[in-house]
Amino acid sequence: MTRGIDLSINFCGVTFPNPFCLSSSPVGNTYDMCARAFDMGWGGVVYKTVGLDYEVKITHPSPRLNPLHRGSQRVVGLQNVEQISDRPTKDNFVDLARLKKNYPHKALVASIMGLTHATDWEKLAKMAEDAGADMIECNFSCPQMTVEGTGHKAGQDTAVVEKLTSITKSACSIPVMAKMTPNVADMLPLALAAQAGGADAISAINTVKALTGVDLDTATPLPNVGGKSSSSGYSGTAVKPIGLRFISDMARDERLKIPLSGMGGIYTWIDCVEYLLLGASTLQVTTAILQHGFRIVEDMDEGLSDYLVDHGYESVQQMVGKAVRNVVEPNQLSHATQAISVIDHDKCIGCGQCFLTCRDGAAQAISIQDDRMPIVDEDECFGCLMCKHICPVQDCITYKTVPHHQATA
Amino acid sequence: MNVQQAIDEANRCLLCHDAPCSQACPGGTDPAKFIRQIRFMNLKGAARTVLGNNPLGGVCANVCPTDDTCVRACLRSGIGQPIDIDGLQRFAVDYGRSQGVKAFAKGKELPHKVAVIGAGPAGLTAAARLATYGYPVTIFEARKQAGGMLRYGVPETRLTVEDLETDLNEITALGVEIRTNTRIESKNAAAKLLDEGYSAVFVAPGLWKPLALNIPGADLDGVTTALTFLDDARVAPETIRTLVKDQFVAIIGGGSVAMDVATTAIRLGAKRVYALALEGMTELPAMGDEIIEAMELGVVIKPQAQVSKVLGENGRVVGIEGHETEWVVPGKLTPDNAKKVDGTRFSLKVGALVQAIGQGATEAVGGIITPFKSDRGLATADKQSQATTMKKVFAGGDVVRGAGTVVDAVGDGKRAAEAIHELLSEGQVAL
Ligand SMILES: Cc1cc2nc3c(=O)[nH]c(=O)nc-3n(C[C@H](O)[C@H](O)[C@H](O)COP(=O)(O)OP(=O)(O)OC[C@H]3O[C@@H](n4cnc5c(N)ncnc54)[C@H](O)[C@@H]3O)c2cc1C
Ligand SMILES: Cc1cc2nc3c(=O)[nH]c(=O)nc-3n(C[C@H](O)[C@H](O)[C@H](O)COP(=O)(O)O)c2cc1C
Ligand code: SF4
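Only a predicted model underlies this, so the values are computations on that prediction, with no experimental measurement involved.

Thresholds applied
- Residues numbered from 1 in each chain as written.
- Chains lettered and ligands numbered in written order.
- Predicted model: local features only at pLDDT ≥ 70, side-chain atom pairs only at ≥ 80, totals over all residues.
- Heavy atoms only, no water.
- Helix = DSSP H or I, 4+ residues; strand = E, 2+ residues; numbered from the N terminus.
- Buried < 20%, exposed > 50% of the residue type's maximum accessible area, 1.4 Å probe, protein only.
- Contact = heavy atoms within 4.5 Å.
- Areas by Shrake-Rupley, 256 points an atom, 1.4 Å probe, with all protein chains shown as cover.
- Phe/Tyr/Trp six-rings, centres within 6.5 Å; stacked < 30°, edge-to-face > 60°.
- Lys NZ or Arg CZ within 6 Å of the ring centre and 35° of its normal.
- Domains from an automatic or database assignment.
- Patch = residues over 30% accessible without salt bridge, like charges linked within 9 Å, V, L, I, M, F, W, Y side chains within 5 Å.
- Salt bridge = Lys/Arg side-chain N within 4 Å of Asp/Glu carboxyl O.
- 1 Å grid on protein atoms, 1.4 Å probe; cavity = no way out; pocket = protein on both sides within 12 Å on 5 of 7 lines; lining within 4 Å.
- Points joined across faces, edges and corners; volume = space filled by probe spheres on them.
- Nonpolar A, V, L, I, M, F, W, Y, C, P; charged D, E, K, R; others polar.
- Expected span 1.5 Å × (residues − 1).
- Pairing = 2+ DSSP bridges.
- Axes fitted to C-alpha atoms, helices over the stretch in contact; angles between N-to-C directions.
- Near = heavy atom within 4 Å.
- Polar contact = N/O pair within 3.5 Å; in protein donor to acceptor, adjacent residues only side chain to side chain.

## Quick word on the overall build of chain A
In step 1: A count of helical and extended segments in chain A gives 14 helices and 20 strands.
In step 2: C-alpha atoms of chain A, sized along the principal axes, occupy 75 × 55 × 40 Å.
In step 3: Residues counted as buried form 54% of the 409 residues belonging to chain A.
In step 4: In chain A, once contacts between residues fewer than 6 apart in sequence are set aside, the share between residues at least 24 apart is 72%.
In step 5: With the model as given, the accessible surface of chain A reaches about 18000 Å², and the carbon-plus-sulfur share is 52%.

Written out as structure tokens, the structure is:
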């Protein structure tokens, strides 16, 4: 339920009614899907990446997805071998035009990818602008394109990124955003190259090249496509920390002056707030929608509204990047104090997991009494807090801060 | 449940499309939505969903027979245990309130006043909803305090006064005026209220006339009814303690109210408690968990048994006499279909007898709505709008449906409020 709080944000001159967008993927593949998403409250759509169908006919391997489950938790991560849109180019632009016509106040972003010639980008950019798109996203980041030199291969090369951005930018008058691949050691040179080519914004992350499993009987990695598999795009909850890292890397660097659109593993309003605080101005989502449908935007909207009110922000813009100054290099972290774990015996159910982790993975600081209650030897505890992290009982293990043992010894 | 437990439980939910749990709620609560909200960490939103739908959302979390409604419908049962929907509802409400969530607010004041008769779940729900639209609402309540059966019937072990009053306070904070100690009993009372300037009347006085058996000895001291027994157990527990302490107590009836009497009697010190019912063990109207709870407390259930006589000494009950029965037509569970089985006569020594065989409308109710279109001694009202045959007069809750549930009454209150709002906002009603 929307609480009627204004969550709009200006991004590259385009007003997004709220920062929540579909990211370019099958969730925004057709007019009907995007229209339903708008109706349910999404503020923007980055439409499924479109190429030129007369250059290359796109088809997808099948099955194209493989999940990573953990215990009873389904789809903590998702691998896909999907290409860009397999629909006729014309149909996609007709759909984009209809979307803009029927939803003039929503933000519409066309994602494009040239496949064979640099001039493809120019053509696609023109078509996107003609269809009424508010912005363009250049897909420099799909990790499983079957056309050599495209997707993240292009996105790993600063010269190519700068050139293609520049071609796209000069072909149209609407803002252009460059979508980055996380399959690099450092995203900054590539983001700066896009900026140099004229990009108005950076979006990140596309999927992480990965393998989610192997079929044990046939010794075939998954998804098993006719007896073979490829390492390919991994998304969902599992990649959120990687997305947060790259967004904050870019937000921290003063040379990069253009705004950011964050994505990777966004499910809840808390994920949204984290991306915003670390520097993203708009947010994009795919895997959570694949898993739960468009309805989840209601909870993002209501939760973010509550957060704004509770923390006294007057707009989403005010909170963008608020956590950035608290990200430093590891060598800048203070070593003056340390944590000591504190276990509340009134809450403890006596499972002993804290004992095991401390004995076999930490400081051997926890012992178990006859009544099953764990006791922390404060001189030995070095404050890794793994015991707190695995404890199944809410607020049972907390910690206090003391002068660092190694500093005072 | 704490936050962690609630999230764990919500994570078991399948987040079904077109969720059957939500369709199964007579009060229109949307469990699938508030569970999804918990799952997606929208914890305050979950409270808004529960209370926005049902101002007695806190009460319902405690008293709803969910095994018969949402939990029974839960598709998770197909692959294991159903979701603990009542637990999650309690969590949502408590958590939301701890964070200062206000699910509803008083609407901009409108000119039409509305009168409500009875401050039970039906009347309270209608009043709350009308107040959020902006109508000034006055509830006329016969008893000393608001709540109806929630305060004077449902045992405290299931619903504490504190939980009841938390919900009540939010309703009165909307500006709803509750005139307690004000029994409406004059003839044509609804018409008179309209004459006095109320633009619509919602009649929700519940069923407060205990039914009693017409058998020899029924007038002896120590023979009472479930309503009186449970009412006293809440407002004057000492009288009930004196009545049952160290006594053998018999209860006539096998429904939920009989089980409430039985467990209350045990808690207040009865030595042995019998519940005698005409139904067979698997036919008892009480819910499975109520029967199990009673039996675990030591209640002896005597199925297919009929009490025919109360034995007395010096004007006080000392025992009962009866016989076992069988149905003439199997499956037709009405007293006139029960037949005595020869050779099964029994007698029990008891110091108190409680009749839990149902309740009907009090005489006063017949006079409120005129003409009182009566069906089984109940008021009749349209199922969609709760409208009665009298213009601008609506009715709902137990007085219309017979002994129902809190959430049924809540549903009626909501429907009546919507219909009254429709009537008054159409501007057809002159001030
Ligand atoms: C012992 C017992 C236990 C129950 N337990 C449960 C349970 O666990 N869960 C559940 O869902 N349901 C339970 N029920 C049923 C539930 O309480 C009722 O269905 C529900 O309260 C009906 O609501 P109501 O608003 O129609 O009437 P009531 O709750 O009966 O409220 C009617 C109100 O009107 C007032 N009133 C009556 N006549 C007049 C008059 N002439 N003028 C002014 N005021 C008047 C009464 O004093 C009362 O406050 C139980 C019922 C009983 C008797
Ligand atoms: C099945 C699938 C198809 C995708 N197709 C595209 C695409 O065509 N273009 C693109 O830029 N990103 C594509 N992506 C990447 C997503 O837009 C997004 O960057 C990534 O999934 C991380 O976000 P998430 O964790 O919310 O899914 C695809 C992702 C998935 C799962
Ligand atoms: S029916 Fe059960 S599993 Fe399905 S949405 Fe409702 S509570 Fe969840």
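The discussion continues.
## Some thoughts on the packing of aromatic side chains
The relative placement of two aromatic rings is captured by the distance of their centres and the angle of their planes.
In step 1: Tallied over the entire structure, the rule returns seven aromatic pairs over all chains.
In step 2: Between W269 of chain A and Y307 of chain A, the ring centres sit 6.4 Å apart and the planes meet at 45°, which makes this aromatic pair tilted. One end of the pair, W269 of chain A, is in helix α8 (residues 269-277); the other, Y307 of chain A, is in helix α10 (residues 297-310), and 38 residues separate them in sequence.
In step 3: Its end group placed over the ring of Y31 of chain A, R98 of chain A keeps NZ or CZ at 3.7 Å from the ring centre.
In step 4: The ring of Y198 of chain B is capped by K113 of chain B, whose NZ or CZ atom sits 4.4 Å from the centre of that ring.

## Quick look at the domain arrangement of chain A
In step 1: Annotation of chain A at the domain level lists domain 1 (9-326) and domain 2 (334-403).
In step 2: The C-alpha-based centres of domain 1 of chain A and domain 2 of chain A are spaced at 41 Å.

## Re a nonpolar patch on the surface
All names here are of chain B.
In step 1: A cluster of nonpolar side chains, namely L14, L75 and I79, defines an oily patch on the protein surface of about 300 Å² accessible area.
In step 2: Tracing the chain through its elements places I79 in the loop between α6 (70-73) and α7 (85-98).
In step 3: You can call I79 exposed: its relative accessible area is 61%.

## Regarding the domain arrangement of chain B
Residues and elements named next belong to chain B.
In step 1: We note that the domain assignment places domain 1 (3-98), domain 2 (113-208 + 360-426) and domain 3 (212-357) within chain B.
In step 2: Summarising the inter-unit geometry, the C-alpha centres of domain 1 and domain 2 are found 26 Å apart.
In step 3: Tallying the contact residues gives 20 residues for domain 1 and 22 residues for domain 2.
In step 4: Counting every contact that joins domain 1 to domain 2 gives three salt bridges.

## Describing empty space enclosed by the protein
The rolling of a water-molecule-sized probe over the atoms marks out the regions of remaining empty space.
Residue and element names in this part refer to chain A.
In step 1: With the rule as written, the count across this model stands at six cavities of 30 Å³ or more.
In step 2: Taken together, 35 residues line the largest cavity, and the ones lying closest to its centre are S24, S25, N206, T207 and T286.
In step 3: Of all elements in the fold, only β4 (44-50), β6 (73-80), β14 (232-235), β16 (280-285) and α9 (287-292) reach the threshold of two or more residues within the lining of the largest cavity.
In step 4: Ranked by the residues each element gives to the lining of the largest cavity, the list is headed by α9, at three residues.
In step 5: Among the residues making up the lining of the largest cavity, the classes are represented as 15 nonpolar, 17 polar and three charged.

## Structural notes on helix α14 (residues 256-267) of chain B
All names here are of chain B.
In step 1: The terminal C-alpha atoms of α14 lie 16 Å apart, and with twelve residues this matches the ideal 16 Å at 1.5 Å per residue to within 8%.
In step 2: In terms of residue burial, α14 counts as a mostly covered element, since nine of its twelve residues are buried.
In step 3: Residues of α14 that are buried include every one of A258, M259, D260, V261, A262, T263, T264, A265 and I266, and no others.
In step 4: Taken from the residues just after α14, G269 is the one with a positive phi, measuring 110°.

## Description of the sheet that holds β6 of chain A
Consider a sheet: its strands pair through backbone hydrogen bonds, and that pairing is either parallel or antiparallel.
Residues and elements named next belong to chain A.
In step 1: An order of β5-β6-β14-β11 is seen for the four strands of this open sheet, with the pairing classed as antiparallel. The sheet is open, and its two borders are formed by β5 (65-70) and β11 (208-210), each paired with just one other strand. Sheet twist, expressed as the average angle between the axes of neighbouring strands with direction ignored, equals 40°.
In step 2: Here three bridges tie β6 to β14, and the two strands are oriented antiparallel to one another. Counterpart to Q79 in the pairing with β14 is Y234.

## Some details on the site of ligand 1
All names here are of chain B.
In step 1: Neighbouring residues of ligand 1: 35 residues in total, closest V63, E141, R158, W208 and D398.
In step 2: E141 places a side-chain nitrogen or oxygen 2.5 Å from an oxygen atom of ligand 1.
In step 3: For ligand 1, an oxygen atom lies 2.8 Å from a polar atom in the backbone of V406.
In step 4: Relative to its unbound accessible surface of 990 Å², ligand 1 loses 96% to contact with the protein.
In step 5: Mapped onto the shell around ligand 1, the elements with two or more residues apiece are α8 (121-133), α12 (226-235), α14 and α18 (406-425).
In step 6: Residue composition of the shell around ligand 1, by class: 19 nonpolar, ten polar and six charged.

## Observations regarding the pattern of salt bridges
In step 1: If you walk through the whole model with that rule in mind, you get 44 salt bridges over all chains.
In step 2: A salt bridge links D134 of chain A to K100 of chain A; the nearest nitrogen and oxygen atoms lie 2.7 Å apart. One end of the pair, D134 of chain A, is in the loop between α3 (118-131) and β8 (135-139); the other, K100 of chain A, is in helix α2 (residues 89-102), and 34 residues separate them in sequence.
In step 3: By relative accessible area, which is 18% here, D134 of chain A ends up buried.
In step 4: A salt bridge links R90 of chain B to D94 of chain B; the nearest nitrogen and oxygen atoms lie 3.0 Å apart.

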